[in-house]
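Listed below are the residues making up each chain.
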Amino acid sequence: MNRFTTDSVIAVIGAGTMGAGIAQVAASAGHQVLLFDAAEGAAKRGIDNTAKGLAKLVERGKMSQADVDALLTRLTPVEALSDLAPASLVIEAIVERLDIKQQVFGQLEEICADSTVIATNTSSISVTAIGSTLQRPQNLVGMHFFNPAPVMKLVEVISGLDTDPAVAADVYALSASWGKQPVMAKSTPGFIVNRVARPFYAEGLRIYQEGGADIATIDALMRDCGGFRMGPFELMDLIGHDVNYAVTCSVFDAFYHDQRFLPSLIQKELVDAGHLGRKTGRGFYNYNPAAVKPEAKIAAPCAEPKSITIEGQLGVAEPLIALFEQADIRVDLIENDEVEGMITVGDATLMLTNGQFTTMRAGETLRPDLINFDLALDYASATRIALAPADQASPAALEAAIGLFQAIGKTVTVIDDIPGMVVMRTVCMLANEGFDAVNQQVCDEQAVDIAMKGGVNYPCGPIEWVNKLELSYALDVLDNLMDAYGEDRYRASPLLLRKVAGGA
């Protein structure tokens, strides 16, 4: 039987945006909530700000005034830590410093009952380390919400080495009763989201650093082709480069400088310059009202083809066939299981990127006019597609490829020949990190997908996505990236290797 009911008093320490948001979530679920902040008057201001936010929901018809009034009556600001004694659960959302968290939790152990569960909202500090100085570390659990807490569904329930499994299970059930999507995870650097998400930023930064595409083009491809709500550079600007870079460095250091988490010198330059993103008015983009936002590269209009030939299986890109036919393009299909799926249009051969340089793939296949195209979340609904021609491809071949995709209503962006292009390499790296988290017993596969969709709004769980792509194809992409760069960064997870070997 769960130790928490709606009669359980919930306490929240820290009345900033996150703490006040968590307090609102608990009060919305029917709990009496005590809100404490060490800064004088901060708890009351936090509740006042919550009231203003709820008033806007009433104006938009999202909540009734009666429900808002009832919720606010369950929020009580308190002036001293000792006032939290009645709480069955205390959630901390204060500064990310180990010593301060340990000090506060040590005081709570003296104030609250022996059965009181204490939870930390830390996003990066080890739950085990926080509990190392406590008298009852079995009562400590991570309860990592995502900002804004009332909106974002995910809660990572983190077990430290000494956390009582029953405590974690009860907090998981409580989170679910609050309308959240909880996932269980072990206390390791970055937990699930901040670990698995590193390649989303790192691959974009790497592509930009190598001149594969400019920031506006990379962002547009991740949105319009990959289905992400924001591209990596837009998102880093929103998060703040001081925060994003610090998390990357923290994970990199915690994993003993594993090259998969290597920080970017480009981002370090922004931090050193004080260009932290939206909050300073400048990051990768300039947020001055007079500044002109750069636009993604778009290919000029080219002639539409009358017919094409498709040989072999296109796999995840199979929906393109129906799009070509709907555009009144004659499609001649050649069954051939001995070759990789390819589209021939004019002088051009088009293939889904496999992680190689197009130039190298062209040489190996003896097709000099080869042009790779990128992965899309959904080729039917994607509004943009990226093409990467081999160095030896002719201008006429590139124009034929551009015209083909323009004929089915796609905005075409031509990028430089970069291994794995943009969406494909990012998705495969995200999934690979997800598999590695599972392999290291941090969580299960379902938790990876739930966490990345619920915590950072990915359009598809990365493991779910590469299963649609086919795991063997994702492994080929990673192996080809490894060959192209010769870096341990792109090593395949042992779990992915095992799954492919087992025919998954």
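For the structure, see preceding data.
Quick caveat: nothing in here was measured; it's all calculated off a predicted structure.

**Structural notes on the sheet that holds strand β2 (residues 33–36)**
Then, in step 1: As summarised here, the arrangement of the eight strands in space is β3-β2-β1-β4-β5-β6-β7-β8, forming an open sheet in which the pairing is mixed. In this open sheet, the two strands that pair with only one neighbour each are β3 (75–78) and β8 (181–186). Within the sheet, the average angular offset between the axes of one strand and its neighbour, ignoring direction, is 25°.
Then, in step 2: Sheet topology note: the strand β6 (residues 140–145)/strand β7 (residues 154–159) ladder contains four bridges and is antiparallel. Directly across from G142, in β7, lies its bridge partner I158.
Then, in step 3: This element, helix α6 (residues 165–177), spans β4 (89–92), β5 (117–120), β6, β7 and β8 of the sheet and lies at about 155° to β8.
Then, in step 4: Across the sheet, helix α17 (residues 445–456) touches β7 and β8, and the angle it forms with β8 is around 125°.

**Topic: the layout of surface pockets**
Then, in step 1: Estimates place the volume of the largest pocket at around 1100 Å³.
Then, in step 2: Contributing elements (two or more residues each) for the lining of the largest pocket: β6, α7 (193–196), α8 (198–209), α10 (232–239), α11 (241–254) and α17.
Then, in step 3: Residues that form the lining of the largest pocket fall into these classes: 23 nonpolar, eleven polar and five charged.
Then, in step 4: In this structure, the second largest pocket is lined by 27 residues; those nearest its centre are G21, Q24, L54, P150 and V151.
Then, in step 5: Contributing elements (two or more residues each) for the lining of the second largest pocket: α1 (17–28) and α2 (42–59).
Then, in step 6: Broken down by element, the lining of the second largest pocket gets its largest block of residues, seven residues, from α2.

**Quick look at unusual backbone geometry**
Then, in step 1: Put simply, N147 and P148 share a cis peptide bond, and its omega is -5°.
Then, in step 2: Counting through the fold element by element, P148 comes out in the loop between β6 and β7.
Then, in step 3: Even without being glycine, L366 reaches a positive phi, approximately 60°.
Then, in step 4: One can find L366 in the loop between α14 (358–365) and β13 (370–373).
Then, in step 5: Judged by relative accessible area, which is 73%, L366 ranks as exposed.
Then, in step 6: Of note, E470 is a non-glycine position whose phi angle comes to about 100°, a positive value.
Then, in step 7: For E470, the position within the fold is in the loop between α18 (462–469) and α19 (471–485).

Conventions and cut-offs
- Residues numbered from 1 in each chain as written.
- Predicted model: local features only at pLDDT ≥ 70, side-chain atom pairs only at ≥ 80, totals over all residues.
- Heavy atoms only, no water.
- Pairing = 2+ DSSP bridges.
- Helix = DSSP H or I, 4+ residues; strand = E, 2+ residues; numbered from the N terminus.
- Axes fitted to C-alpha atoms, helices over the stretch in contact; angles between N-to-C directions.
- Contact = heavy atoms within 4.5 Å.
- 1 Å grid on protein atoms, 1.4 Å probe; cavity = no way out; pocket = protein on both sides within 12 Å on 5 of 7 lines; lining within 4 Å.
- Points joined across faces, edges and corners; volume = space filled by probe spheres on them.
- Nonpolar A, V, L, I, M, F, W, Y, C, P; charged D, E, K, R; others polar.
- Buried < 20%, exposed > 50% of the residue type's maximum accessible area, 1.4 Å probe, protein only.

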